[in-house]
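Residue strings, one per chain:
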Amino acid sequence: MRTVRAAVVGTGFMGAVHSRSIIAAGGDLVAVVGSSPEKGRAGAEAFGAALGAGSVDEALDAGVDVLHVCTPNALHADHVQAALEAGCAVVCEKPLATDVATADRLTRLAARSGLIATVPFVYRYYASVREARARIQAPGAAPPWLLHGSYLQDWLADPGATNWRVDAEVGGPSRAFADIGVHWCDLAEFVTGQRIVRVLAQLGRSAASRPGPDGTHVPVTTEDGAVVSFTTDTGALGSVVISQASAGRKNALSFSFDGPDASYVFHQETPETLWIGGRHANRTVTRDPGRPGSPPAPYGALPAGHPQGYYECFADFVADTYAAIRGRTAEGLPRFADGLRAARITEAVLASAACGAWTDIPTDTEEQPT
Ligand SMILES: NC(=O)c1ccc[n+]([C@@H]2O[C@H](COP(=O)([O-])OP(=O)(O)OC[C@H]3O[C@@H](n4cnc5c(N)ncnc54)[C@H](O)[C@@H]3O)[C@@H](O)[C@H]2O)c1
C-alpha cells in the first residue's frame, strides 16, 4: 500500500491536530507551511515534518499527494485552488469558504479534477453517532419528527477575548454559526438522513466590541450566538442554539432526535454513551465494539472502557480520506459537497436573520460528489 505524502498549511490548533492525525493514519507528513518561513520551520519541527515552508507552492513542489488546509477561513479558497490545480487532493477545514459562490466554485473544481476533496465534519466519526444513525435509518424505523439541540462554547464569553474569527474579513460574515453551527447541522442531516429545507434565524452578540489589533476596541459585526428554527424535507421540526459565549460550556455539542418509538440523545463531551428513550423504558448504551448492534470497525474500534475521543475521530477521518485517495471510498466520508451544503445553510441563516422571515435553502441537485 502506497504511503500518502501530505502537507499541512497552518500551524495553529488544527494544523497540530491534522499533523498528528496524518501520522496516526499512516501518512507521511512531508511539509508544514506557516504564515512565514520561520513559522513553517517551527511548525515542521513541532509536528515532525522534514520541510518547513513559507508558501503552499513550496510545499506542493516537494511532491505531495494531499494538502491539509488549516488556515483562517478567508484563505481556504486560494490554498484549495492551488492544490487542486497542482493535481493534489485536499482536506479543507470548515467552513470550506466564506460564501456560497466560492464554496460552489471549489466544489466544481474538485469534481472536474477527479481528485479527492474532503471537509472534516469530524463528529461523524464517533461510534455513538454512527450507532444513532444506523438505528434511525434502519429499515422500518419510524423517522424522528423533532430534531433539537445545541452547540455551546465559552471561549468568547470574556468580552476582552478576541481572535481572527471576529474579523469578518478573515472569518467571514457568519462567525458562531459558520464556525460551529455547521457541525451541528451536518450531524443532524448525517444521522437522520433528512435535509434542512427552511430556516428562521435570530443572531445575537454578547459583546458589542472586542479588542482590535492596535489595542483599541472595535465594534463586533458577527454573531456570538444564534437561535435557529428549521424544518426538514420530511416535515420534521427542529431548533438549534449556537453560542461561543456561554460561560462554562466548553465544547458542548448535543442533539436529541425524537421519534414516536425512540429518541436518541448524544453529548459530544461524553461521547462513549448514547441515550435511547422508549415509551416504556429508557436505556443508555455504552460504546463497545463487542456488543451486537455496534457500528462496524474501524469506527470506535478501541476496546470498551478505553474512551474514544476527538483525536481518534480525526485520525479515522484522515484514514478514510487516504483510503479514498487510494481508490477505496468509505461510507459517510464528508466531502466538498457537504462543505458547500454547510455554506448554503449558513447563507440562509444570515438571510433569515436579516429579513426576519423563514428562508428556503436552495436544493443542491447540481452538487457533484467529490
Ligand atoms: N473541524 C474542526 O473540528 C475544527 C476545529 C477548529 C477549527 N477548525 C477550522 O480550522 C481552521 C483553522 O482554525 P484554528 O483553530 O487552527 O486557527 P488558529 O488561529 O489556531 O491557526 C491558524 C493558523 O494559520 C496560520 N496562518 C495564517 N495565515 C496564513 C498563511 N497565509 N499561510 C499559512 N498559514 C497561515 C496562522 O499563523 C495560524 O498558525 C479554521 O478554518 C477553523 O474553522 C476546524
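Conventions used here
Residues numbered from 1 in each chain as written. Predicted model: local features only at pLDDT ≥ 70, side-chain atom pairs only at ≥ 80, totals over all residues. Heavy atoms only, no water. Helix = DSSP H or I, 4+ residues; strand = E, 2+ residues; numbered from the N terminus. Polar contact = N/O pair within 3.5 Å; in protein donor to acceptor, adjacent residues only side chain to side chain. Contact = heavy atoms within 4.5 Å. Buried < 20%, exposed > 50% of the residue type's maximum accessible area, 1.4 Å probe, protein only. Arc of directions from axis to C-beta. Near = heavy atom within 4 Å. Areas by Shrake-Rupley, 256 points an atom, 1.4 Å probe, with all protein chains shown as cover. Nonpolar A, V, L, I, M, F, W, Y, C, P; charged D, E, K, R; others polar. Domains from an automatic or database assignment. Pairing = 2+ DSSP bridges. Axes fitted to C-alpha atoms, helices over the stretch in contact; angles between N-to-C directions. Phe/Tyr/Trp six-rings, centres within 6.5 Å; stacked < 30°, edge-to-face > 60°. Lys NZ or Arg CZ within 6 Å of the ring centre and 35° of its normal. Core = buried A, V, L, I, M, F, W, Y, C linked by side-chain atoms within 4.5 Å. pLDDT = per-residue confidence, 0-100.

Engineer: Before we move on, can you summarise the side chain of arginine 124 with the specific residues and values?
Structural biologist: With respect to the helices and strands, arginine 124 occurs in the loop between strand S6 (117–118) and helix H6 (127–136). One polar contact links arginine 124 to aspartate 186, side chain to side chain, over a distance of 2.7 Å. Not counting the four nearest positions on each side in its chain, arginine 124 is found in contact with Val129, Arg130, Asp186, Leu187, Phe190, Gly332, Leu333, Pro334 and Asp338.

Engineer: Hey, could you go over helix H4 (residues 76–85) for me, with residue numbers and the actual values?
Structural biologist: Here H4 has its buried residues at His76, Ala77, His79, Val80, Ala83 and Leu84. All buried residues of H4 project into a common sector of 165° when viewed along the axis, lining one side. Opposite the packed face of H4, turned more than 90 degrees from it, sit the exposed residues Asp78 and Glu85. Those residues of H4 that are buried are in contact with strand S1 (5–9), helix H3 (56–61), strand S4 (66–69), strand S5 (89–92), helix H5 (100–113) and helix H10 (336–355). Just downstream of H4 lies glycine 87, where phi reads positive at about 80°.

Engineer: So, the side chain of threonine 118: which residues are in play, and what are the values?
Structural biologist: Assignment of secondary structure puts threonine 118 in strand S6. Residue threonine 118 is classed as buried on the basis of its relative accessible area, which comes to 0%. A polar contact is formed between the side chain of threonine 118 and the side chain of threonine 321, at a distance of 3.2 Å.

Engineer: Break down the site of the ligand for me, with residues and values.
Structural biologist: The local shell around the ligand holds 25 residues, among which Met14, Asn73, Lys94, Trp164 and Tyr310 are the closest. One of the side-chain N or O atoms of histidine 76 is found 3.0 Å from an oxygen atom in the ligand. Backbone polar atom of lysine 94 to an oxygen atom of the ligand: 2.7 Å apart, as the coordinates give it. Its free accessible area being 850 Å², the ligand has 83% of it covered by the protein chains. Of the residues that constitute the shell around the ligand, the class distribution is 11 nonpolar, 9 polar and 5 charged. Per-domain counts for the shell around the ligand show at least three residues from each of domain 1 (5–122) and domain 2 (126–306 + 335–360).

Engineer: Go over the environment of valine 91, please, and point to the residues and values.
Structural biologist: Structurally, valine 91 is set in strand S5. In the structure, valine 91 is positioned 29 residues away from proline 120 in sequence and 7.4 Å away in space, judged by C-alpha atoms. Look past the residues within four positions of valine 91 in its chain and what remains in contact with it is His18, Val66, Leu67, His68, Val69, Thr118, Pro120, Phe317 and Thr321.

Engineer: Before we move on, can you summarise the sheet that holds strand S17 (residues 359–360) with the specific residues and values?
Structural biologist: Strand-to-strand pairing in sheets goes through backbone hydrogen bonds, with the strands running parallel or antiparallel. Pairing is mixed in the open sheet, where 9 strands are placed in the order S16-S15-S14-S13-S7-S12-S11-S8-S17. Each edge of the open sheet carries a strand with a single partner, namely strand S16 (283–286) and S17. As defined by bridge partners, strand S13 (residues 252–258) adjoins strand S14 (residues 263–267) across 5 bridges and the pair is classed as antiparallel. Each bridged residue has a counterpart across the sheet, and for phenylalanine 255 the counterpart in S14 is phenylalanine 266. Sheet strands touched by helix H8 (residues 176–192): strand S7 (146–152), strand S8 (196–204), strand S11 (225–232), strand S12 (237–243) and S13. Its angle to S13, the strand with the most contacts, is close to 35°.

Engineer: How would you sum up the packing of aromatic side chains? Please name residues and give values.
Structural biologist: Under the criterion given, the structure shown has 11 aromatic pairs. Every member of this aromatic cluster is reached through a ring pair, and the members are Tyr123, Tyr125, Tyr126, Tyr151, Trp184, Phe230, Phe255, Phe257, Phe266, Tyr310, Phe314 and Phe317. The positively charged end of arginine 130 is found above the aromatic ring belonging to tyrosine 125, 4.9 Å away from the centroid. For arginine 133, the ring lying beneath its charged end belongs to phenylalanine 190, and the centroid distance is 3.9 Å.

Engineer: Mind laying out the pairing of S8, listing which residues take part and the relevant values?
Structural biologist: Two strands pair when backbone bridges link them, and S8 and S11 are joined in this way by 8 bridges, in the antiparallel orientation. When the sheet's bridge partners are listed, glutamine 202 is paired in S11 with valine 227. In this structure, S8 lies alongside S17, joined through 2 bridges in antiparallel fashion. Of the residues in S17, the one forming a bridge with arginine 198 is aspartate 360.

Engineer: How would you summarise the nonpolar core if you had to cite specific residues and measurements?
Structural biologist: Counting residues in hydrophobic clusters, the biggest one holds 101 residues, and the most contacted among them are Phe177, Trp184, Phe255 and Phe336. In terms of residue count, H8 provides more of this core than any other element does, 10 residues in total. Shared between two domains, this core takes at least three residues from each, and those domains are domain 1 (5–122) and domain 2 (126–306 + 335–360). Ignoring any residue separated from it by four or fewer positions in sequence, one finds phenylalanine 177 in contact with Val182, Cys185, Glu223, Ala226, Val228, Ile242, Ile345, Thr346 and Val349.

Engineer: I'd love a proper account of the environment of valine 218, names of residues and values included.
Structural biologist: Counting through the fold element by element, valine 218 comes out in strand S10 (residues 217–219). Ignoring sequence-local partners within four residues, the contact set of valine 218 consists of Ala208, Ser209, Arg210, Pro211 and Gly212.

Engineer: Pulling in residues and values, what's your account of the confidence of the model for the chain?
Structural biologist: Atom-level detail of predicted coordinates should not be read off regions where pLDDT is low. Predicted confidence across the chain gives a mean pLDDT of 96, with 98% of residues reaching 70 or more. Per-element confidence in the chain ranges from a low mean pLDDT of 93 for S10 to a high of 99 for S7. The low-confidence segment residues 366–370, where pLDDT is below 50, has 16 contacts with residues more than four positions distant or belonging to other chains.

Engineer: Explain unusual backbone geometry to me, using residue names and the numbers behind them.
Structural biologist: The bulk of non-glycine residues show a negative phi, and the bulk of peptide bonds are trans. In this structure, the amide linkage connecting lysine 94 to the following residue, proline 95, adopts the cis form with an omega of -10°. Take proline 95: it is sitting in the loop between S5 and H5.

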